[in-house]
Amino acid sequence: MQNDSSVGSRGSFGASQAVCCGTKAVKDGTICVPCPAKLNIFLEVLRRREDGYHELDTVMLRTQFSDMLTIQQRDDEQVKLRFSDATPDHLRTGVPLDGTNLILKAARQFRERFGIRRGADFILHKQIPPESGLAGGSSNAASTLIGLRKLWSPEAADESLHEIAASLGSDINFLLSGARAAVCSSRGEIVTPVPMKGSLYFAAVRPQTGNSTGAVFRGVDFTAPRRSSASVVECLKTGNVCTLSERVFNRLTQPASSLNSEMAELMVALQSILRRPVFMSGSGSTVFVLCEHRRQAMQDLHTMELRLRRKGWLLEV
Ligand code: C5P
């Protein structure tokens, strides 16, 4: 599943773990970097580790649903973060703009690591809801590293960026890699890209209440038989969407449902409206259905928004 050159237990990322370079060009010291949401279509928790994290076997997809991060050089050495004027109020709640935000943490580490003595303004146009299992904050951090390298330090090695990413969280390396699909192992930071055939479409919705990742992990039942990501990976490689739906799995769904009854009820309601299996991404609380094609996804989205009176998203991979 993972080759020797990307072994995280040694604390290093080899040449096989690259960094996405899909930024817009730098113009007048300003750069715009998309921050795509991820979706987990498979997640097994293998064991609890001594460092408090959990060993995972998970399949992540990079969707086209994104925040947008604009980075502007400053004349002084300060780093500041603000929302774009167009960011809706309900998406600002719970997202700190101080040094605890992953954008500023990533920027601080980048400057320390590469000895940079320059400042920047970060303007975040938020679309991905927080606490939704779509890795919005992690994606912001990955895009910060991608953007700052382009702006300040083009010679910075992929491996160094992956080391910073892993020190900040478990999902950042996947988003940094730019892979469309990957098996992520260890605590999530070891990324093995999967060549994916065709496109995938999902209709997703989130209850009002988010989930706390730490609390959800603490509720995992380790007595159930373990599952493997191998069959999901096979579906991605062959592009067999019909079989994929039978193999999508998330070990965190049960503990998350126990903690978030609103989400559990939403899953039941969605299943009865669309008559198809409903899944959860990451530690939730976003839930989704797999669609056969874009037309079905748009239809599902329309039905779901009408019946649940809740905004949903079409997630395209
Ligand atoms: O890595 P990240 O900051 O996204 O993780 C948030 C929390 O989720 C961690 O503090 C930890 O409690 C839990 N977690 C875990 N095992 C993982 C990933 C996350 O226990 N592999």
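Since the structure is predicted, the reported quantities are computational estimates derived from the model, not experimental observations.

1. Some words on the state of the cysteines
- This model, assessed by the stated rule, comprises 0 disulfides.
- Of all cysteine sulfurs in the structure, the one in Cys35 sits closest to Cys32, which takes part in no disulfide; the separation is 10 Å.
- With a relative accessible area of 28%, Cys32 lands in the partly exposed category.

2. A closer look at the sheet that holds strand E11 (residues 312-316)
- In spatial order, the strands read E9-E10-E7-E11; together these 4 strands make up an open sheet with antiparallel pairing. Both edges of this open sheet fall to strand E9 (279-280) and E11, since each of them pairs with a single strand only.
- Where strand E7 (residues 201-205) and strand E10 (residues 287-291) come together, 5 bridges link them in antiparallel fashion. For Tyr201, the partnering residue across the bridge sits in E10 and is Cys291.

3. Observations concerning the side chain of Ser281
- Locating Ser281 in the fold gives a position in the loop between E9 and E10.
- You can call Ser281 buried: its relative accessible area is 0%.
- Here the side chain of Ser281 touches Asn40 through a polar contact of 3.1 Å, landing on its backbone nitrogen.
- Beyond its immediate stretch of four places on either side in the chain, Ser281 contacts Lys38, Leu39, Asn40, Ser132, Gly133, Leu134, Asn250, Thr286 and Phe288.

4. Concerning the environment of Asp28
- Position of Asp28 relative to the elements: it lies in the segment before strand E1 (30-48).
- Its relative accessible area of 74% is what places Asp28 among the exposed residues.
- Remark: the alpha-carbon pair of Asp28 and Gln72, spanning 44 residues in sequence, is separated by 8.5 Å.

5. Some details on the site of the ligand
- The environment of the ligand is formed by Gly52, Tyr53, His54, Leu56, Gly169, Ser170, Arg187, Thr213, Gly214 and Phe217.
- Contact with the protein chains removes 73% of the 450 Å² of surface that the ligand exposes when unbound.
- Per-class residue counts for the shell around the ligand are 3 nonpolar, 6 polar and 1 charged.

6. Details of the pattern of salt bridges
- Applying the stated rule across the entire model yields 16 salt bridges.
- Its salt-bridge partner being Asp51, residue Arg49 comes within 2.7 Å of it at the nearest N-O pair.

7. A word on the pairing of E7
- With respect to burial, E7 is a largely interior element, 5 of its 5 residues being buried.
- Here E7 shows a buried face lined by Tyr201, Ala203 and Val205 and a second buried face lined by Phe202 and Ala204.
- Summarising the sheet, E7 and E11 pair through 5 bridges and their orientation is antiparallel. Directly across from Ala204, in E11, lies its bridge partner Trp313.

8. Remarks on the domain arrangement of the protein chain
- Considered domain by domain, the protein chain is made up of domain 1 (30-192) and domain 2 (201-316).
- Of note, the centres of domain 1 and domain 2, computed from C-alpha atoms alone, are 23 Å apart.
- Across the contact, 28 residues belong to domain 1 and 34 residues belong to domain 2.
- A combined buried area of about 2,500 Å² lies between domain 1 and domain 2, and 64% of that area is made up of carbon and sulfur atoms.
- Considering only the surface of domain 1 that becomes buried against domain 2, Ile41, Phe42 and Glu44 emerge as the three largest contributors, covering 23% of it.
- Summed over the shared surface of domain 1 and domain 2, the number is 2 salt bridges.
- Taking the shortest distance from any N to any O, the salt bridge between Glu44 and Arg251 comes out at 2.7 Å.
- Applying the counting rule to domain 1 against domain 2 returns 16 residue pairs in polar contact (both at pLDDT 80 or more).
- Mapped by element, the contributors of at least two residues to the side of domain 1 that touches domain 2 are E1, strand E2 (54-74) and strand E5 (181-185).
- Considering each element in turn, the side of domain 1 that touches domain 2 owes the most residues, 11 residues, to E1.

How each quantity is defined
- Residues numbered from 1 in each chain as written.
- Predicted model: local features only at pLDDT ≥ 70, side-chain atom pairs only at ≥ 80, totals over all residues.
- Heavy atoms only, no water.
- Disulfide = S-S within 2.5 Å.
- Buried < 20%, exposed > 50% of the residue type's maximum accessible area, 1.4 Å probe, protein only.
- Pairing = 2+ DSSP bridges.
- Helix = DSSP H or I, 4+ residues; strand = E, 2+ residues; numbered from the N terminus.
- Polar contact = N/O pair within 3.5 Å; in protein donor to acceptor, adjacent residues only side chain to side chain.
- Contact = heavy atoms within 4.5 Å.
- Near = heavy atom within 4 Å.
- Areas by Shrake-Rupley, 256 points an atom, 1.4 Å probe, with all protein chains shown as cover.
- Nonpolar A, V, L, I, M, F, W, Y, C, P; charged D, E, K, R; others polar.
- Salt bridge = Lys/Arg side-chain N within 4 Å of Asp/Glu carboxyl O.
- Domains from an automatic or database assignment.
- Buried area = accessible area lost by both parts, 1.4 Å probe.

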